[in-house]
Amino acid sequence: MKVALIQFTAGDDPQTNLAVVRTMIRDAAQAGARFILTPEVSNIISTSRRHQNKVLHAEQDDPFLARLREEARALGVWLLIGSLAIKAGDEDGRFANRSFLISPDGSVVARYDKIHMFDVQIDETETYRESAAYRPGTKAVVADTEFAKIGMTICYDMRFPHLYRRLAKAGATIITVPAAFSPVTGKAHWESLLRARAIENGVFILAPAQCGQNGPARATHGHSLVVSPWGEVLADGGEVPGITMVDLDLADVEQSRRRVPSLNHDREIEGP
């Protein structure tokens, strides 16, 4: 199973981002990828909520989603749109950070709204309040495909192991982690956390990432990763835009789980 992780530098213009992503998806499909993944917030990275309100759409009207569904159908590939910023119709005006799994016929097989919001103060100059602009999701999602069960997560979710355990227990053998990770925390934690989630649950981790300077006040870590169920980094996308391709052998999931069957060893714990 050949997969392709797309890494690019999104800005605040969805149409420009769409043109870049469509070209990279086509290049990945031409190179033989049958499952192609884009990063978190592929349609826009902006620090202006006013600008987002101007250019974003509800899911049913979103041209970014519609065009990529057409691409998946035309190319006959599975496509994970890592996430899109979507108008959710909330009374407080917050958006959804929503991941979409698209089948080769262009239909939306599954959608997942990011559960854990990135509300942190990394240092005196770098602060994030994702919950101010996005409302958190509430539902874990595992999607069925003809090649694997896929658990869907987004970026900051990776710091919450119980979500990944839940997805693995529900049958996921691949877990997707599209991201727009901070360079500071990325350097310290990105690879370590992804390898841990893969090892703990005996799953492939596919983590397409944003990279570079996304705007005057925002940069992202890059280093799209493919991690095996044994915790090996099979590919690292580095720090510049590009396509990372890997052939997955899904038999590695069964082999890793057989060697260390920790999914069967969970115990109920009392206290504190």
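See the structure printed just above.
Now for a look at the structure at hand.

Thresholds applied
Residues numbered from 1 in each chain as written. Predicted model: local features only at pLDDT ≥ 70, side-chain atom pairs only at ≥ 80, totals over all residues. Heavy atoms only, no water. Pairing = 2+ DSSP bridges. Helix = DSSP H or I, 4+ residues; strand = E, 2+ residues; numbered from the N terminus. Axes fitted to C-alpha atoms, helices over the stretch in contact; angles between N-to-C directions. Contact = heavy atoms within 4.5 Å. Parallel < 35°, antiparallel > 145°, perpendicular 65-115°, else oblique. Left-handed = near helix turned anticlockwise from the far one by under 90°. Nonpolar A, V, L, I, M, F, W, Y, C, P; charged D, E, K, R; others polar. Buried < 20%, exposed > 50% of the residue type's maximum accessible area, 1.4 Å probe, protein only. Lys, Arg positive; Asp, Glu negative; His and termini not counted. Salt bridge = Lys/Arg side-chain N within 4 Å of Asp/Glu carboxyl O. Phe/Tyr/Trp six-rings, centres within 6.5 Å; stacked < 30°, edge-to-face > 60°.

**Looking at the sheet that holds strand β15 (residues 233-236)**
(1) Moving on: A sheet is described by the order of its strands in space; here six strands give the open sequence β8-β9-β10-β11-β14-β15, paired in mixed fashion. On the outer flanks of this sheet lie β8 (141-144) and β15, each paired with one strand and no other. Averaged over all neighbouring strand pairs, the angle between strand axes comes to 20°, with direction disregarded.
(2) Moving on: In the sheet, β8 pairs with strand β9 (residues 149-152) via four bridges, with the strands oriented antiparallel. From the neighbouring strand, Val 141 faces β9, where its bridge partner is Met 152.
(3) Moving on: Most of the contacts of helix α6 (residues 183-201) go to strand β14 (residues 225-227), to which it runs at about 30°, and overall it touches β11 (204-207), β14 and β15.

**Focus: the packing of helix α1 (residues 14-30) against helix α3 (residues 63-75)**
(1) Moving on: At a minimum axis separation of 11 Å, α1 and α3 run at an interaxial angle of 15°. Taken together, the axes of α1 and α3 are roughly parallel relative to one another. Read as a crossing pair, α1 and α3 show a hand that is right-handed. Contacts between α1 and α3 involve Pro 14, Gln 15, Asn 17, Leu 18, Val 21, Arg 22, Ile 25, Arg 26 and Ala 29 on the former and, on the latter, Pro 63, Phe 64, Arg 67, Leu 68, Glu 71 and Leu 75.
(2) Moving on: Here the contact of α1 with α3 is composed, by residue class, of nine nonpolar, two polar and four charged.

**Topic: the side chain of Asp 62**
(1) Moving on: With respect to the secondary-structure elements, Asp 62 resides in the loop between α2 (49-55) and α3.
(2) Moving on: Of the side chains with opposite charge, Arg 67 comes closest to the buried, unpaired Asp 62, at an N-O distance of 8.6 Å.
(3) Moving on: Setting aside anything within four residues of it in sequence, one finds Asp 62 in contact with His 57, Leu 84 and Ile 86.

**A closer look at the packing of aromatic side chains**
(1) Moving on: Taken as a whole, this structure holds seven aromatic pairs when the rule is applied.
(2) Moving on: Ring plane angle 80° and centroid distance 5.9 Å describe the contact between Trp 78 and Phe 147, whose orientation is recorded as edge-to-face. Of the two residues, Trp 78 is situated in strand β3 (residues 78-87) and Phe 147 in the loop between β8 and β9; the sequence distance between them amounts to 69 residues. As far as burial versus exposure is concerned, Trp 78 and Phe 147 are alike and both buried.

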